Amino acid sequence: MHRLANPRRFRRLADRVWPWTLAAMLLLLPVGLVWALVVAPPDYQQGDAARIMYVHVPAAWLATFVYAVIVVSAVVALVWRHPLAEVAGRAAAPIGAAFTFVALVTGAIWGKPMWGTWWVWDARLTSVLILFFLYLGYIALHDAFDDPQRGGRAAAILALVGAVDLPIIKFSVEWWNTLHQPASVLRLDGPTIAPEMLWPLLVMVAVFKLYFVTVWLLAIQTRLAERRIHTLWARRSAVEARPAAGSPSPAPASPAG
Amino acid sequence: MIRALLAVALRDLRIAVRRPAETLVGAVFFALALSLFPLGVGASPDVLTRIGAGVIWVLALFAVLLSLERMFQGDFEDGSLELLVLSPEPLELLVLGKCLAHWLTSGLLLVLVSPLLAVLMALPAEALWVLPVALVLGTPTLTLIGAIGAALMLGSRRGTATMALLVLPLYIPVLVFGVSAVDGYLLGLGGGTQLLVLGAMLMVALALAPFATAAALRLAFA
Amino acid sequence: MRFRKRQRLLIVGLALLLLAGASALVLAALGDSVAFFVTPSEIAAGEAEPGRRLRIGGLVAEGSLSRLPDGTVRFRVTDTREEVTVTYRGLLPDLFREGQGVVVTGTLRPDGTFAADEVLAKHDERYMPKEVADALEEAGYWEGAPRGEKR
């Protein structure tokens, strides 16, 4: 953990990891898609329309998973003050927001023919919508300050406060009479989904997770590079500001450089 | 400890009393915006009865949201907030004092005018006591959660719109249970459960929000 | 310094006390759940008065579905103890069928029937191919089997 905090070391490690996750994703994606959309049997009640769950469920899981990643980054950022953790949280947020959006949209597309409505304000749908807004608020707060470090810490506090939404999302279908069905896969008495449909679903979940890891690592690297450029610029203008500098210029606080 | 909390609250109250225009603007906004609804959707009593509780709660959310900015911003600019942060007293309690003063000058005013507004919105007689009770349980939670947002936004280059983005999603549970408590009583279904949940949310906010707000304030001076 | 530590301990203790109180309140509230809909039994118990908009949730009773010539659909919603007769005009969702869960929105008429203006089908958490469902039904243990079927 502490060794990873060094951005240079992190970049070396990330460079070694992301090509593999990308390759694994590209390998699994056609397998999962064909299995889910062609091979897997249609549902006994919903017919082929049930196939949208092979996108909806992985997207929804990723939406909550990414928020959990941000919460963990926030704890690390606040407790150990690792700049890398701030960057990691901010880099994950747009991905999480995008997949929350995908989950909401695919749910609506499925809901119209099956439930008879695009949207209902039941607890599950509302709590996921709140999650989407939490992502947007996190991003907005992070970028609302001139000092990236200040923004990172403030957004981390917000992320921790918003973490109460995660258990609400998970258990909303059990606590309240929702229109959304209860959990099919992650339940105490075993999945209620037939194995020949569960396996392609799990492959798709793996594809989505691999995609997230790949894009996340790349996004962190981009942000680290941005911060580095920022620091170098600041240092250069500091040097230029004192023409007859006998002593080395004091490096401005460089959070990630 | 309690003395420090009360001292902070008293100071904020004194400031509020000496600037009545600034303090009352939230309650005035509340009443004014509410009077737009009968004009906008038509004054037929059954329409107003159906949307009344929801409209009053939504406007209460906005009124509290609008008053959040004055919670820390003035003290931040004149430096007194830094003294609070540096003081040996636990910052969480001082924050609680500021929240207390803020609620007395925002939420409590809404509670006091709410029976009047219930009449304006053609709500049945039960609303005259249900609505204030629900607001008493709900508005302190709005203040406590809003304090986190107000503290986080200190020193940023964005304004109220960003604050709304941070705070409103966290207000949604209060809104949902607040409205369903009032509507429950009005529909004769009973809303005791929702009032219990509102109380539980208030206790959770009391327990956790001061820590988050204090952390955000320390960050502003780090 | 020690004094401040004790203060912090006191504050954290107070916070934990508040959280405990909150859990107690929630547990008390769990007794009757905050529902997206009411059940036919609650209607039979007279908990809803006619003329108000409300939602009823339950199963479509077997053999209760009939289509009237003017396009109105009539069916009964049951929670296995009580039933409510529902009438509805409009498109039914794909998942609507007898034995399935539905949530209907509308108003209760004075005669005890329910005039729905929206019918939503509730899906259960079971996903399976048609053949499996048929086989299960043939074997005669439809209710418990899919749920207990552990992989």
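On a predicted model such as this, the values are computed, not experimentally measured, just so you know.

Trainee: Account for the overall build of chain A, naming residues and giving values.
Mentor: The helix and strand tally for chain A stands at seven helices and zero strands. Counting every position in chain A, which comprises 257 residues, the buried fraction comes to 42%. Within chain A, contacts between residues separated by at least 24 positions form 73% of all contacts whose residues are at least 6 apart in sequence.

Trainee: How would you summarise the overall build of chain C if you had to cite specific residues and measurements?
Mentor: In terms of regular secondary structure, chain C is built from four helices and six strands. In chain C, the order of α-helices and β-strands from amino to carboxyl end is α-α-β-β-β-β-β-β-α-α. Evaluated residue by residue, chain C yields a buried proportion of 26% over its 151 residues.

Trainee: Tell me about unusual backbone geometry, residues and numbers included.
Mentor: The backbone of A:R81 shows a phi angle near 55°, a positive value even though the residue is not glycine. Position of A:R81 among the secondary structure elements: in the loop between α2 (53-79) and α3 (83-114). Look at A:R81 and you get partly exposed, because 15 C-beta atoms sit within 10 Å. With a phi angle near 60°, B:A122 is a residue other than glycine that sits in the positive phi range. Considering the arrangement of structural elements, one finds B:A122 in the loop between α7 (107-120) and α8 (127-152). Of the residues examined, B:A122 has 17 C-beta atoms within 10 Å and is grouped as partly exposed.

Trainee: Break down the interface of chain A and chain B for me, citing the residues and quoting the values.
Mentor: Each partner contributes to the interface: chain A provides 18 residues, whereas chain B provides 16 residues. Elements with a minimum of two residues in the side of chain A that touches chain B: α4 (123-142) and α5 (148-162) of chain A. Ranked by residues supplied to the side of chain A that touches chain B, first place goes to α4(A) with eight residues.

Trainee: Could you give me a rundown of α2(A), with the residues and numbers involved?
Mentor: Helix length check: α2(A) (27 residues) gives 38 Å between terminal C-alpha atoms against 39 Å at 1.5 Å per residue, within 8%. At the C-terminal side of α2(A), A:R81 shows a positive phi close to 55°.

Trainee: An account of the packing of helix α3 (residues 45-67) of chain B against α8(B) is requested, with residue identities and associated values reported.
Mentor: Residues and elements named next belong to chain B. At their nearest, the axes of α3 and α8 sit 10 Å apart, and the two run at 30° to each other. By the angle between their directions, the pair α3 and α8 is classed as roughly parallel. Crossing handedness for the pair α3 and α8: right-handed. Along the contact surface, α3 presents A53, I56, A60, L61, V64 and L65, while α8 presents L131, L135, T139, L142, T143 and G146.

Trainee: Provide a residue-level description of the confidence of the model for chain A, including the pertinent values.
Mentor: Residue and element names in this part refer to chain A. Looking at chain A as a whole, its pLDDT mean stands at 83, while 89% of the residues score no less than 70. The lowest-confidence element of chain A is helix α6 (residues 165-175), averaging 79 in pLDDT; the highest-confidence one is α2, averaging 92. Below pLDDT 50 for its whole length, residues 249-254 participates in ten contacts with residues either more than four positions away or in separate chains.

Trainee: Explain the pairing of strand β6 (residues 114-122) of chain C residue by residue, including any values.
Mentor: All names here are of chain C. Pairing of strand β4 (residues 83-89) with β6, which is carried by three bridges, proceeds in the parallel orientation. Across the sheet, residue Y88 finds its bridge partner in β6, namely A116. In terms of strand pairing, strand β5 (residues 101-108) meets β6 through eight bridges, oriented antiparallel. If you follow T107 over to β6, its bridge partner there is A115. From the end of β5 to the start of β6, which pair antiparallel, there are five residues, and G112 there has a positive phi angle of about 90°.

Trainee: So what's going on with helix α10 (residues 192-220) of chain B? Residues and values would help.
Mentor: All names here are of chain B. With 29 residues, α10 should cover 42 Å at 1.5 Å per step; its first-to-last C-alpha distance of 41 Å lies within 8% of that length. Maximal helix bending in α10 amounts to about 35°, located at L208; proline P210 follows within four positions. Among the 29 residues in α10, 26 count as buried, and that is most of the element.

Trainee: I'd love a proper account of the environment of B:G192, names of residues and values included.
Mentor: Take B:G192: it is sitting in helix α10. Sequence separation between B:G192 and B:V130 is 62 residues; the distance between their C-alpha atoms is 10.0 Å.

Trainee: So what's going on with the packing of α5(A) against α10(B)? Which residues, and what values?
Mentor: Between α5(A) and α10(B), the least distance of the axes is 10 Å, while the angle of their chain directions is 175°. In this view, α5(A) runs roughly antiparallel relative to α10(B), as classed from their interaxial angle. Across the interface between the two elements, A:R150, A:R153, A:A154, A:I157, A:L160 and A:V161 of α5(A) pack against B:A212, B:A215, B:A216 and B:L219 of α10(B). A per-class count over the contact of α5(A) with α10(B) returns eight nonpolar, no polar and two charged.

Trainee: How would you sum up the confidence of the model for chain C? Please name residues and give values.
Mentor: All names here are of chain C. Chain-level statistics for chain C give a pLDDT mean of 74 and a share of 73% at 70 or above. Residue range residues 142-151 is modelled with pLDDT below 50. Its contacts to residues more than four positions away, or to other chains, number 13 contacts. Among the scores for the predicted complex, ipTM is 0.76 and pTM is 0.77.

Trainee: Break down the pairing of strand β1 (residues 53-60) of chain C for me, with residues and values.
Mentor: Residue and element names in this part refer to chain C. Here seven bridges tie β1 to β5, and the two strands are oriented antiparallel to one another. Counted as the bridge partner of L54 is G106 from β5. Sheet analysis places β1 next to strand β3 (residues 72-78), joined by two bridges and oriented antiparallel. Across the sheet, L59 pairs through a bridge with T78, a residue of β3.

Trainee: An account of the environment of B:V64 is needed here, citing residue identities and associated values.
Mentor: Summarising the element assignment, B:V64 is placed in helix α3. Here the alpha-carbon distance between B:V64 and B:T105, two residues 41 residues apart in the chain, equals 10.0 Å.

Thresholds, definitions, all that
- Residues numbered from 1 in each chain as written.
- Chains lettered and ligands numbered in written order.
- Predicted model: local features only at pLDDT ≥ 70, side-chain atom pairs only at ≥ 80, totals over all residues.
- Helix = DSSP H or I, 4+ residues; strand = E, 2+ residues; numbered from the N terminus.
- Buried ≥ 20, exposed ≤ 12 C-beta atoms within 10 Å, placed from the backbone.
- Contact = placed C-beta atoms within 7 Å.
- Expected span 1.5 Å × (residues − 1).
- Axes fitted to C-alpha atoms, helices over the stretch in contact; angles between N-to-C directions.
- Parallel < 35°, antiparallel > 145°, perpendicular 65-115°, else oblique.
- Left-handed = near helix turned anticlockwise from the far one by under 90°.
- pLDDT = per-residue confidence, 0-100.
- Pairing = 2+ DSSP bridges.
- Bend = angle between axes of the 7 residues up to and from the residue.
- Nonpolar A, V, L, I, M, F, W, Y, C, P; charged D, E, K, R; others polar.

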